[in-house]
Amino acid sequence: MLKLFKLLGNKKLFILLVGLILFIALMGFTLTNRTSLSWPEKFVRDTVGFVQGVFYKPASYMAGLFEDIGNLNNLYEENQELKLTAAQYLLQQANYNKLVQANKRYKEDLKFTQQQLAQNQFDLRIANVTSVDTDADTGTIVIDLGQNDGVRKDMPVISTEGMVGIISETSPFHSTVKLLTTLDPLDSNSKAIAATVVGKENESFGMIESYDKATGMLTMTQIKENDPLKKGDEIVSSGSGGLFPSGMIIGKVVSRQVGDFGLTNTATIQPAADFKDWKEVFVVYTKETQE
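Residues numbered from 1 in each chain as written. Predicted model: local features only at pLDDT ≥ 70, side-chain atom pairs only at ≥ 80, totals over all residues. Heavy atoms only, no water.

Where an unreviewed UniProt entry is consulted, the protein appears under the name Cell shape-determining protein MreC, with the organism given as Paenibacillus nuruki. The record in UniProt for the protein states the following under Sequence similarities (unreviewed entry): "Belongs to the MreC family." A UniProt comment under Function (unreviewed entry) is attached to the protein, and it reads "Involved in formation and maintenance of cell shape." (UniProt positions renumbered as here; feature names shortened; annotations may be inferred.)

Take a look at the structure:
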């Protein structure tokens, strides 16, 4: 008995002995067939579950957050690629539409050229318009044909609609075209156009001398009183004077009136050419200029 008290007096040994007994009892208890957990097991499990929940939820949230950020970055890059693809498609579509329209114009130009060559004794060469001077007093365009292409000063220039103007300056690779909108009888450099009526070439004659910037109309002068010219007639170049070949379309008669001095009549002509949105024009090569 004395030895037992001495053993109990050793605290460390006593705690170890108690712990060993409790461990053996716990092992025996857990190894038995049970249908439910004991309250200590429940307490331990709930405690562990609570602690795990405390740490697991924030960790899961942070992991999901980083994953969402990664997905957003991937989505952003994919979106940028789609935008670039869409922009490239729109550019290609615009280029395609541009080529389609150019091809359509060229076909119309070719048809026009063939018709003109069959009707007249001159050659045409197509030229691209490289720049336009919209100043009302200047009225010029620049084309990509020049001296190296046989272009000379005073050669006529036309469009598929009608007369455009006349070559005023040339360089090796480009030329300046002075438009009909600059016609002015007071300008010594202005070239008047001898004109007549289609179907009445031997009966009608006049001179296209000026352009009214306010109304956008040409004025035909020196028309005799007995001239059969009337409203609606188509006016073309007569070929007189040798500068402009005959048969080049100028416009249509809008009205006819008595001239300033009452000796001759004048006529207001609606130009056939549309003096805007230039893309291509034709330089007229006559036999004289080719020689």
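**Overview of the packing of aromatic side chains**
Tallying each qualifying case throughout the model produces one aromatic pair. Residues Tyr211 and Phe275 carry aromatic rings whose centres are separated by 6.4 Å and whose planes lie at 70 degrees to one another, so their mutual orientation is edge-to-face. Of this pair, Tyr211 sits in strand 7 (residues 206-212) while Phe275 sits in the loop between strand 11 (265-271) and strand 12 (280-286); the two residues are 64 residues apart in sequence, bridging distant segments of the chain. Residue classification places Tyr211 among the buried residues on the basis of a relative accessible area of 18%. (Phe/Tyr/Trp six-rings, centres within 6.5 Å; stacked < 30°, edge-to-face > 60°. Helix = DSSP H or I, 4+ residues; strand = E, 2+ residues; numbered from the N terminus. Buried < 20%, exposed > 50% of the residue type's maximum accessible area, 1.4 Å probe, protein only.)

**Structural notes on the nonpolar core**
Core analysis: the biggest nonpolar cluster contains 25 residues, and Ile208, Met220 and Ile235 have the highest contact counts within it. Those elements that place two or more of their residues in this core are strand 1 (122-133), strand 4 (163-170), strand 6 (193-197), strand 7, strand 8 (217-223), strand 10 (249-258), strand 11 and strand 12. The residue makeup of this core includes at least three contributed by each of domain 1 (73-183 + 275-286) and domain 2 (193-271). Once residues within four sequence positions are removed from consideration, Ile235 is found in contact with Ala195, Thr196, Val197, Ile208, Met220, Leu229, Met248, Ile249, Ile250, Gly251, Val253 and Ile269. Residues Met155, Val281, Val283 and Tyr285 belong to the second largest nonpolar core, which totals 16 residues. (Core = buried A, V, L, I, M, F, W, Y, C linked by side-chain atoms within 4.5 Å. Domains from an automatic or database assignment. Contact = heavy atoms within 4.5 Å.)

**Here we look at the environment of Ser255**
Structurally, the position occupied by Ser255 is in strand 10. Sequence separation of Ser255 and Gln270 is 15 residues, and the distance between their C-alpha atoms is 9.5 Å. Excluding residues that lie within four positions of it along the chain, Ser255 makes contacts with Thr266, Ala267 and Thr268. Looking at Ser255, its side chain comes within polar contact range of the side chain of Gln257, at 3.2 Å. (Polar contact = N/O pair within 3.5 Å; in protein donor to acceptor, adjacent residues only side chain to side chain.)

**With respect to the sheet that holds strand 5 (residues 175-179)**
Taking strand neighbours around the barrel as the criterion, the six strands line up as 1-2-5-4-3-12 in a closed arrangement whose pairing is antiparallel. Going across the sheet, the axis of each strand differs from the next one's by a mean of 45 degrees, ignoring polarity. (Pairing = 2+ DSSP bridges. Axes fitted to C-alpha atoms, helices over the stretch in contact; angles between N-to-C directions.)

**Thoughts on the sheet that holds strand 8**
A barrel is described by the order of its strands in space; here six strands give the closed sequence 6-7-8-11-10-9, paired in antiparallel fashion. Direction aside, the axes of adjacent strands within the sheet are offset by 45 degrees on average. Inspection of the sheet shows strand 8 paired to strand 11 by four bridges, in the antiparallel sense. Among the inter-strand pairings, Thr219 is bridged to a residue of strand 11, identified as Thr268.

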